[in-house]
Amino acid sequence: MANPAALEPVIDTPRLRLSLLEPADAPRVRQYFERNRQHFRIWDPPRPEHFFTDDYWRDKLEQARPDLEADRAIRLWVVRYDAAAGPVIGTVNFTRLVRGPFQCAGLGYSLDEAAVGHGFMQEALRAAITWLFERQGFHRVEANYRPENVRSGRVLAALGFVVEGYARSYLMVDGAWRDHVLTSLTRRSEPAAP
Ligand SMILES: CC(C)(COP(=O)(O)OP(=O)(O)OC[C@H]1O[C@@H](n2cnc3c(N)ncnc32)[C@H](O)[C@@H]1OP(=O)(O)O)[C@@H](O)C(=O)NCCC(=O)NCCS
C-alpha cells in the first residue's frame, strides 16, 4: 500500500503540471491520443478497438485512483502549468510496481507532437522521478526503448539512466516483436540536473 500522505500527486515544474485526471476529462485524453495517432503509432503497443473513444477513457480514468492506492500503477497526465485546464500534452506512467526489497517501477512516457523539442519531457520526468523516490519510497526506475527511438534514448541519457542490456523481440509494437534497449536509474544516482 502506498503512503497515503503521498497520494493525490500534483507535481508542478516551472512550465508543467503532472497529475491524475477525472473521468470527466475523458474527452481531453481521447483528443490527445487522436491528435497523436501517427506520432505514437510506431512506438506504441497495439491499441484496442475502442481506444479512441470517450467511454474507454472514462473507464481508465475511473481506475486511476484505485490503481494508485493499491500500488498497481501511477498514471500522470501532463499539461502546461499556465493552462492546467487546457489540452493534455503528455503522459508519464509508472507501472509494473514492485515493493519489498526491490522498490522498482517501470516508466513509460509520451509527448504531444507539437510539444517535442522544448525539453518538456526531461522537465516532467525529472520532477516525477524525484517525487517517486522521495514521496513514494521507490528506489529504482526501469525504462526500455526501441533502438530506433533516438529521441527517447536521448531523454533517458540526459536524466542519467544507464543502459543495462539489449532485449531481442521484447515487445509487440507496430505489428511486430521489437528489440528494446533496457535502461534504469537508481535512487543513489538522482536524475541528472538540467
Ligand atoms: C520520446 C519523446 C517524449 C521525446 O521528446 P523530446 O521533445 O525530444 O524530449 P524533451 O522534451 O526532453 O526535449 C529534448 C529536446 O528539446 C530541446 N530543448 C529545448 N529546450 C530545452 C530545455 N530547456 N531543456 C532540455 N532540452 C531542451 C533539446 O535540445 C532536445 O531537442 P533535440 O533532441 O532536437 O536536441 C517524444 O519524441 C515522444 O513523445 N515520442 C513518441 C512517443 C515515445 O516515443 N515514447 C517513448 C517510448 S520509449
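Structural data are supplied above this passage.
Residues numbered from 1 in each chain as written. Predicted model: local features only at pLDDT ≥ 70, side-chain atom pairs only at ≥ 80, totals over all residues. Heavy atoms only, no water.

Student: Is there a simple way to think about the nonpolar core in this case?
Tutor: The nonpolar side chains of a soluble globular protein tend to be buried, and buried together. Counting 36 residues, the largest nonpolar core has L18, L76, V92, F94, L107, I129 and F161 as the members making the most contacts within it. If you list the elements that add at least two residues to this core, you get β2 (16-19), β3 (74-80), β4 (90-98), β5 (104-111), α4 (120-134), β6 (140-145), α5 (150-159) and β8 (176-186). Leave out the neighbours within four places in its chain, and F161 touches L107, I129, V141, A143, L156, T183, S184 and L185. (Core = buried A, V, L, I, M, F, W, Y, C linked by side-chain atoms within 4.5 Å. Buried < 20%, exposed > 50% of the residue type's maximum accessible area, 1.4 Å probe, protein only. Helix = DSSP H or I, 4+ residues; strand = E, 2+ residues; numbered from the N terminus. Contact = heavy atoms within 4.5 Å.)

Student: What exactly am I supposed to notice about the side chain of R140 here?
Tutor: You can see R140 is positioned in strand β6. When its relative accessible area of 15% is taken as the criterion, R140 is described as buried. For R140, the side chain forms a polar contact with the side chain of E142, separated by 2.9 Å. (Polar contact = N/O pair within 3.5 Å; in protein donor to acceptor, adjacent residues only side chain to side chain.)

Student: Explanation requested: the site of the ligand in the structure shown.
Tutor: What surrounds the ligand is a group of 20 residues, the closest being G117, M121, N149, R151 and R154. Within the backbone of G119, an N or O atom sits 3.0 Å from an oxygen atom of the ligand. Taking N149, its side chain carries an N or O atom lying 2.7 Å from an oxygen atom of the ligand. Contact with the protein chains removes 71% of the 940 Å² of surface that the ligand exposes when unbound. Elements with a minimum of two residues in the shell around the ligand: α2 (37-41), β5, α4, β6 and α5. Considering every element that reaches the shell around the ligand, the biggest residue donor is α5, with 4 residues. Grouping the constituent residues of the shell around the ligand by class yields 9 nonpolar, 9 polar and 2 charged. (Near = heavy atom within 4 Å. Areas by Shrake-Rupley, 256 points an atom, 1.4 Å probe, with all protein chains shown as cover. Nonpolar A, V, L, I, M, F, W, Y, C, P; charged D, E, K, R; others polar.)

Student: What is the right way to look at the environment of E142 in this model?
Tutor: Considering the arrangement of structural elements, one finds E142 in strand β6. Sequence spacing of E142 and L171 is 29 residues, and the spatial spacing of their C-alpha atoms is 15 Å. Once you skip the residues sitting within four places of it in the chain, E142 turns out to touch R96, F102, C104, A105, G106, L107, T183 and S184.

Student: Help me out: how do you make sense of the packing of aromatic side chains in this one?
Tutor: The description of an aromatic ring pair rests on the distance of the ring centres and on the angle between the ring planes. One pass over the full model with this rule turns up 11 aromatic pairs. Their ring planes at 55 degrees and their centres at 5.5 Å tell us that Y32 and F40 sit as a pair that is tilted. One exposure class covers both Y32 and F40, and it is buried. Measuring from centroid to centroid gives 5.3 Å for F51 and Y56, while their planes differ by 50 degrees, and the two rings are tilted. By the burial criterion, F51 is buried, and Y56 matches it. Pairwise contacts between aromatic rings join Y32, F33, F40, F51, F52, Y56, W57 and W77 into one cluster. In this structure, R37 is placed above the aromatic ring of F52, and the distance from its NZ or CZ to the ring centre is 3.7 Å. (Phe/Tyr/Trp six-rings, centres within 6.5 Å; stacked < 30°, edge-to-face > 60°. Lys NZ or Arg CZ within 6 Å of the ring centre and 35° of its normal.)

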